[in-house]
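Okay, here's what each chain looks like letter by letter:
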Amino acid sequence: MHQLTLTEIAAALAAKDFSAEELTRGLLQRIEQLDPQLNSFITVTADAALAQARAADARRAAGETGALLGAPLAHKDLFCTQGVLTSCGSKILTGFKAPYDATVVERLAAAGAVSLGKLNMDEFAMGSANESSHYGPVKNPWDVTRVPGGSSGGSAAAVAARLLPAATGTDTGGSIRQPAALTNLTGIKPTYGRVSRWGMIAYASSLDQGGPLARTAEDCALLLQAMAGFDPKDSTSVDQPVDDYQAALQQPLSGLRIGLPREYFGAGLDARIGDKVLAVVEALKKLGATVKDISLPTLQHAIPAYYVIAPAEASSNLSRFDGVRFGYRCENPVNLEDLYKRSRGEGFGAEVKRRIMVGTYALSAGYYDAYYLKAQRIRRLIKNDFVAAFAEVDVILGPTTPNLAWKLGEKSNDPVSAYLEDLYTIAANLAGIPGLSMPAGFVDGLPVGVQLLGNYFQEGRLLNVAHQYQQGSDWHRQAPSGF
Ligand code: GLN
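All values reported here derive from a predicted model rather than from experimental measurement.

1. What to know about the packing of helix α10 (residues 302–317) against helix α12 (residues 350–363)
Move 1: The N-to-C vectors of α10 and α12 enclose an angle of 100°; their axes lie 7 Å apart at closest approach. By the angle class used here, α10 and α12 are roughly perpendicular. Contacts between α10 and α12 pair Y307, V308, P311, A312 and S315 from the former with R355, I356, V358, G359, T360, A362 and L363 from the latter.
Move 2: Its residues placed into classes, the contact of α10 with α12 shows eight nonpolar, three polar and one charged.

Here it is as C-alpha cells:
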C-alpha cells in the first residue's frame, strides 16, 4: 500500500481494495518502524488520524466520493493545528498548541484527507538542510548520511521514504522545491497569494507560500486543487478562481515555448546536474516543445536581495515570540526585560538569531535606504526580468539546485555556502511567480531535480509540463532502498 501514489490510493479506496483506516494503520506502523532512521516527524497524531480515517470511510459508505477522501498526509510543523503542538522546529514554541487550524489544514481535512501528524523542519523555515531544527536533523532516505534539503526537510524525507504519499510544505526561498529535488519528489510553490497563509506561522510574509510535496505532478495537482483559493482571512490571498488542475494535466505540449536562461548554466552548477537538465529539455522537445535561449540579467542579485528582505521581515515577525504569549519561558526571570532577553536568548537557535540581527540592522534608521530599500529595488528588477522573459516563453526551465544532497554537517558552520544553494529557487519568491521541481534522474545514486517556473497563476501549466514528462519517464517511481 505504501508504494501507491495519492491518485492510485484514490482509485483503490473507491474500489474498496482497502479502507482508509487500514491504510492509515499500515502507514502509522511504517512511521513507527522507519522514522527513527530519518527523524521526519515531530509529532505523530495516531489517534486523531485513525478517527479521521474512520470518518472518511463513513463518508464514503454514505455515498460521498472525492479524490482526497481518506488520503493520508501530514503537515509541515508551521501550519497551525488545533490542539496539537505546532513547533516551527523551535524550542521557543515548546508546548504551544495552536488554538485553531490553518486554512490549508482545514481545507484538506474538509476534503477528507487524514493527517498523520506534524513534520520536522528547519527552525522557523530558515535553512536548506533541515539541520537547524530544535528537534534534530532530518536524514535523506537516499543516503542517511546526507541532508534532505530544507526547510521542508521532514515533509520531503517522509514522502520519499514512503511513510506518506504526500505532505504540505512552505516555500519562502525554495523550501518546497529544493528538498523535493534532493529527495526525488515533485513539489510546487504556487503564485504568491494563491494559497492562504492564514495559520501558517510567518517567516518572511511577502515571500512565504504553502504548497504540496508528492511523488508525481498528478498528485500535486490533486492537493493544490484543495489547498488553493481565496481566503478572506488572509489579506494577501488573491480573489481569483482556481483553475482545474486535473484538466490542465492532459494538455498536449506541442507548441510549448521553453526558455533556458543562460545564467543558469554557468559557474557554480555541478555539470552532471546540467546534463540531466538538458536531457529533460530533449525529452520535452520530443513532446513538441521549442526551446529558446533567454537571459535573466539580474539573477545574480537575487541571493543578496533575499538575504536582506527575508531577515528584515523575519526580525519583525519573530518579535511576537517574547516568552509571554507563546511557548517557552525562561526560568525565574528577575524582571520583564530579563524575561524577554532570556526567553528569546534560550528559545531561538543560532541561525534564527543571526537572521533577526541581520534583519534588525537592515531596517534600522541610517541603514534602511542602503540595504532594505535597495533590496526592494532589486526585487522589482528581478520581477521585470521575468515579465520580459514570459513575453517570449511559457515556462523557464533549469536546475532546481546547483549541487547534489550534501553530507550532514558539511555546511553547518558556513551559512554563506548554504545560502548559495538557493541560487535557482529564490528569484521566484522575490517575483511571486510559481515554481515546480520534478525528478530528472540520479548522479551517484542521488536524485537530481529540474525546476520549471511559470508566469503568475500558471500553476496548471507547470503541472501539465511535469505530468506529460512523467508519462514518459520513470525517475519519479524510483524508491530509496531500505524504505
Ligand atoms: N533556504 C532558504 C532560507 O534559508 C529558503 C528557506 C525557505 O524557503 N523557507 O531562507
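2. Re empty space enclosed by the protein
Move 1: All chains considered together, the criterion is met by three cavities of 30 Å³ or more.
Move 2: Size it by volume and the largest cavity reaches roughly 100 Å³.
Move 3: Classifying every residue of the lining of the largest cavity by side-chain character gives five nonpolar, eight polar and two charged.

3. Some points on the packing of aromatic side chains
Move 1: Evaluation of the coordinates by the stated rule reveals 15 aromatic pairs.
Move 2: Centre to centre, the rings of W142 and F442 are 5.0 Å apart; their planes meet at 50°, and the pair counts as tilted. Residue W142 is found in the loop between β3 (114–119) and α5 (153–160), and its partner F442 is found in strand β10 (residues 435–443); the two are separated by 300 residues along the sequence.
Move 3: Accessibility expressed as a relative area gives 17% for W142, which makes it buried.
Move 4: For the ring pair F321 and F326, a centre distance of 5.5 Å and an interplane angle of 50° mean the geometry is tilted.
Move 5: Given a relative accessible area of 4%, F321 falls into the buried group.
Move 6: Given a relative accessible area of 25%, F326 falls into the partly exposed group.

4. A closer look at a nonpolar patch on the surface
Move 1: Together, V324, L336 and Y340 line one region of the surface with nonpolar side chains, adding up to about 260 Å² of accessible area.
Move 2: The residue L336 is located in helix α11 (residues 336–347) in this model.

5. Section: the pairing of β10
In the case of a regular strand, side chains alternate between the two sheet surfaces.
Move 1: With nine of its nine residues buried, β10 lies for the most part within the structure.
Move 2: Pairing of β10 with strand β11 (residues 446–454), which is carried by seven bridges, proceeds in the antiparallel orientation. Along β11, the bridge assignment pairs G435 with L453.
Move 3: The hairpin turn running from β10 into β11, its antiparallel successor, is two residues long, and D444 in that turn takes a positive phi close to 55°.

6. A few points about helix α4 (residues 103–110)
Move 1: Taken residue by residue, α4 has T103, V104, V105 and L108 as its buried positions.
Move 2: Taken together, the buried residues of α4 touch β2 (72–76), β4 (166–170) and α7 (217–227).
Move 3: Just downstream of α4 lies G112, where phi reads positive at about 100°.

7. Examining the side chain of Q209
Move 1: One can find Q209 in the loop between β5 (186–189) and β6 (210–214).
Move 2: Within the structure, the side chain of Q209 is placed 3.4 Å from the backbone nitrogen of R194, a separation counted as a polar contact.
Move 3: Among the polar contacts made by the side chain of Q209, one reaches the main-chain amide nitrogen of V195 at a distance of 2.7 Å.

8. Re the UniProt feature "domain: Amidase" (unreviewed entry) in the protein
Move 1: Here, the residues flagged by UniProt with the feature "domain: Amidase" (unreviewed entry) are residues 22–463.
Move 2: Regarding residues 22–463, the helix share stands at 38% and the strand share at 14%, and the terminal C-alpha atoms are separated by 30 Å.

9. Details of the pattern of salt bridges
Move 1: Tallying each qualifying case throughout the model produces 20 salt bridges.
Move 2: Across the pair D338 and R342 runs a salt bridge, and its minimum N-O distance is 3.1 Å. Pair noted here: D338 and R342 are both in helix α11, with a separation of four residues, about one helical turn.
Move 3: Since its relative accessible area comes to 18%, D338 is described here as buried.
Move 4: Residue class for R342 comes out partly exposed when judged on its relative accessible area of 27%.
Move 5: Between R355 and E351 there is a salt bridge, with its nearest N and O atoms 2.8 Å apart.

Calculation rules
- Residues numbered from 1 in each chain as written.
- Predicted model: local features only at pLDDT ≥ 70, side-chain atom pairs only at ≥ 80, totals over all residues.
- Heavy atoms only, no water.
- Axes fitted to C-alpha atoms, helices over the stretch in contact; angles between N-to-C directions.
- Helix = DSSP H or I, 4+ residues; strand = E, 2+ residues; numbered from the N terminus.
- Parallel < 35°, antiparallel > 145°, perpendicular 65-115°, else oblique.
- Contact = heavy atoms within 4.5 Å.
- Nonpolar A, V, L, I, M, F, W, Y, C, P; charged D, E, K, R; others polar.
- 1 Å grid on protein atoms, 1.4 Å probe; cavity = no way out; pocket = protein on both sides within 12 Å on 5 of 7 lines; lining within 4 Å.
- Points joined across faces, edges and corners; volume = space filled by probe spheres on them.
- Phe/Tyr/Trp six-rings, centres within 6.5 Å; stacked < 30°, edge-to-face > 60°.
- Buried < 20%, exposed > 50% of the residue type's maximum accessible area, 1.4 Å probe, protein only.
- Patch = residues over 30% accessible without salt bridge, like charges linked within 9 Å, V, L, I, M, F, W, Y side chains within 5 Å.
- Areas by Shrake-Rupley, 256 points an atom, 1.4 Å probe, with all protein chains shown as cover.
- Salt bridge = Lys/Arg side-chain N within 4 Å of Asp/Glu carboxyl O.
- Pairing = 2+ DSSP bridges.
- Polar contact = N/O pair within 3.5 Å; in protein donor to acceptor, adjacent residues only side chain to side chain.
- UniProt positions renumbered as here; feature names shortened; annotations may be inferred.

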